[in-house]
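# What the coordinates show
Here are the chains, one letter per residue:
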Amino acid sequence: MRAAILRNTGDHDLEVRDDITLRPTGPGEVKVRITHSGVCHSDLSAMNGTIPQPPPAVLGHEGAGIVEEIGAGVTSVVPGDHVIIAWSPPCGKCKSCVDHKQPNLCFNIMMVMGGQFRQGDEIIGSMAGTGTFAEYTLVPEPAVVKIDNDIPLEVASLIGCGVMTGAGAAINTAKVSPGSSVIVYGAGGVGISAIQGARIAGAAEIVAVDMNINKLEEAKAFGATHSCTPDEVDSLKNSITGGMGFDYALECIGKPVTMRAAYDQTRRGGTTCIVGVGRMDEFVQFSAFELFFNEKILVGSYYGGTDVRSDFHMLLRLYRSGKLDLDRMITRRIKIDEINDAMRAMERGEVVRQVIEF
Ligand code: APR
Ligand code: ZN
């Protein structure tokens, strides 16, 4: 089958091959025919080493498709079911899942997923264990969430990462409250989803910040009440919050400078939520005094704090009722052969989401 592979960390291009196979479906596993995969910035981050991803690996982690085959003991899906792939699925039994009620942080399945692809005898890994830049993948049962057959699968694919991550950060992690003021750094797929999550949660003002001016109008079409480049943020802060700062700041880029800016634009006592994924060897500085003095809540958001078993359906209900706009988030539909062009377009900040159609 066809698949896009990262051969070495730092490679500029993925290798699109047509001789990749899957190992046989084992007990408790589900083979999925991927119909659509979104192209997320995290795939680019795996290529350039921002996100640690041992090569060789089939990239892609934002996918949806149709169940092709189930292993022994699988009960939640049958062949023909439509599913969204979850890259951090809950085991449902551990301390994270049960005691802490943070199933997004469950490692029991995520840490054993992967190694499903082959090129000849060579084992090829997969991004976050999922590898959705391939015509088929093989994952443990909890990593597939069954959805209704009438949901367009291209829309469903986006929920698998970017939309859940951004909207979940606003709704689940930051817990944006009605009437509040929100600033969102980055208006890519994740940032636009955070803007929509803040709108759904009832924020009064939502400021979108992006260095790419094309994104500023785009953000307003999804619910931002204001938008600006980073150097114009202070004047909006003054006019909207009387200089106090925003109730919530969501960083959806993954750079130290914008993480620090998000903290600075949060009011004392407000919440700074870090959604973007930065490098392990880059650091953000805070004075030892300000952390105490400002009483800001500084919180990371991993996969939008989701319980994929319920939240994927919550987002799909919002989509069906017209409150979550996913159709217009798709800037471009591409074939897997165009994946490297798609990566360049994302680097240039030209797109909200591109979706590979298989
Ligand atoms: N200041 C303002 N905007 C910036 C800056 C900056 N210094 N750097 C990048 N941007 C903007 C880009 O113009 C783009 O619109 O951030 C946006 C990022 O969007 P995408 O590349 O589409 O990334 P996305 O898929 O949304 O992911 C964002 O979330 O899940 C993580 O790993 C992911 O860290 C990444 C982040
Ligand atoms: Zn992603």
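Here the chain is described in UniProt, under the heading Cofactor (unreviewed entry), as follows: "Zn(2+)".

The next thing to look at is the sheet that holds strand β15 (residues 246-251). Taken together, the six strands give an open sheet; going across it, the order is β14-β13-β12-β15-β16-β17, and neighbouring strands pair in parallel fashion. Only two strands of the sheet have a single neighbouring strand rather than two, namely β14 (226-228) and β17 (297-300). Put simply, the sheet's adjacent strands are angled 15° from each other on average, direction ignored.

Ranked by size, the top nonpolar core spans 86 residues in total, and within it Phe 133 and Leu 250 carry the most contacts. If you tally residues by element for this core, the top one is helix α3 (residues 153-173), at eleven residues. Sequence-distant contacts of Leu 250, defined by excluding residues within four places in its chain, comprise Ala 169, Ala 170, Ala 174, Val 182, Ile 183, Val 184, Tyr 185, Cys 273 and Val 275. Among the nonpolar cores identified, the runner-up in size contains 13 residues, and Ile 34, Val 67, Val 74 and Ala 143 belong to it.

Counting through the fold element by element, Asp 311 comes out in helix α9 (residues 308-320). For the buried residue Asp 311, which engages in no salt bridge, the nearest side chain bearing the opposite charge is Arg 317, 7.4 Å off. At 3.2 Å, the side chain of Asp 311 and the side chain of Thr 306 are in polar contact.

Before going further, it helps to examine the coordination of the zinc ion (ligand 2). Protein-derived ligands of the zinc ion (ligand 2) are Cys 40 (SG), His 61 (NE2) and Cys 161 (SG), with the metal-ligand distances lying across 2.0 to 2.3 Å. Sequence spacing of the donor residues for the zinc ion (ligand 2), all on one chain, is C-x20-H-x99-C. Remark: Cys 161 occurs in helix α3 and Cys 40 occurs in the loop between β4 (29-39) and α1 (41-48); sequence separation between them is 121 residues. Note on accessibility: Cys 40 and Cys 161 belong to one class, buried.

Before going further, it helps to examine the packing of α3 against α9. For the pair α3 and α9, interaxial distance at closest approach is 10 Å and the crossing angle is 95°. Judged by the inter-axis angle, α3 sits roughly perpendicular to α9. In contact with Val 155, Ile 159, Gly 160, Val 163, Met 164, Ala 167 and Asn 172 of α3, α9 contributes Asp 311, Phe 312, Leu 315, Leu 316 and Tyr 319.

Rules and cut-offs
All residue numbers here refer to positions counted from 1 along the written sequence of the relevant chain. Chain letters start at A and ligand numbers start at 1, both assigned in the order the entries are written. Local features in this predicted model are restricted to residues of pLDDT 70 or higher, and side-chain atom pairs are both shown and tallied only at a pLDDT of 80 or more, whereas totals for entire chains, interfaces and linings draw on every residue. The side-chain figures draw on all heavy atoms in the structure; neither hydrogens nor water molecules are used. UniProt positions are given in the numbering used here, feature names are shortened, and annotations may be inferred rather than shown by experiment. Between any two strands, pairing holds if DSSP finds at least two bridges. The helix count covers DSSP runs of H or I at least four residues long, the strand count covers runs of E at least two residues long, and both are numbered beginning at the N terminus. The angle between two axes is taken between their N-to-C directions and runs from 0 to 180 degrees, where each axis is a line fitted to C-alpha atoms and a helix contributes only its stretch in contact. The criterion is simple. A nonpolar core is a set of buried Ala, Val, Leu, Ile, Met, Phe, Trp, Tyr and Cys residues joined through side-chain atoms within 4.5 Å. Relative accessibility decides the category of a residue: with a 1.4 Å probe and only protein chains considered, values under 20% of the type maximum give buried, values over 50% give exposed, and everything between is partly exposed. Should any heavy atoms of two residues lie within 4.5 Å, those residues are counted as being in contact. Charged-residue counts in this description rest on Lys and Arg as positive and Asp and Glu as negative, His and the chain ends being excluded. A pair is scored as a salt bridge if a Lys or Arg side-chain nitrogen falls within 4 Å of a carboxyl oxygen belonging to Asp or Glu. Any pair of nitrogen or oxygen atoms within 3.5 Å is treated as a polar contact; in protein, a donor-acceptor pairing is required on top of that, and neighbouring residues in sequence qualify only through side-chain atoms on both sides. Donor criterion used throughout: N, O or S atom within 2.8 Å of the metal, extended to 3.2 Å for Na, K and Ca. Water excluded; incomplete-looking sites may result. We call two directions roughly parallel when the angle between them is under 35 degrees, roughly antiparallel when it is over 145, roughly perpendicular when it lies between 65 and 115, and oblique otherwise.

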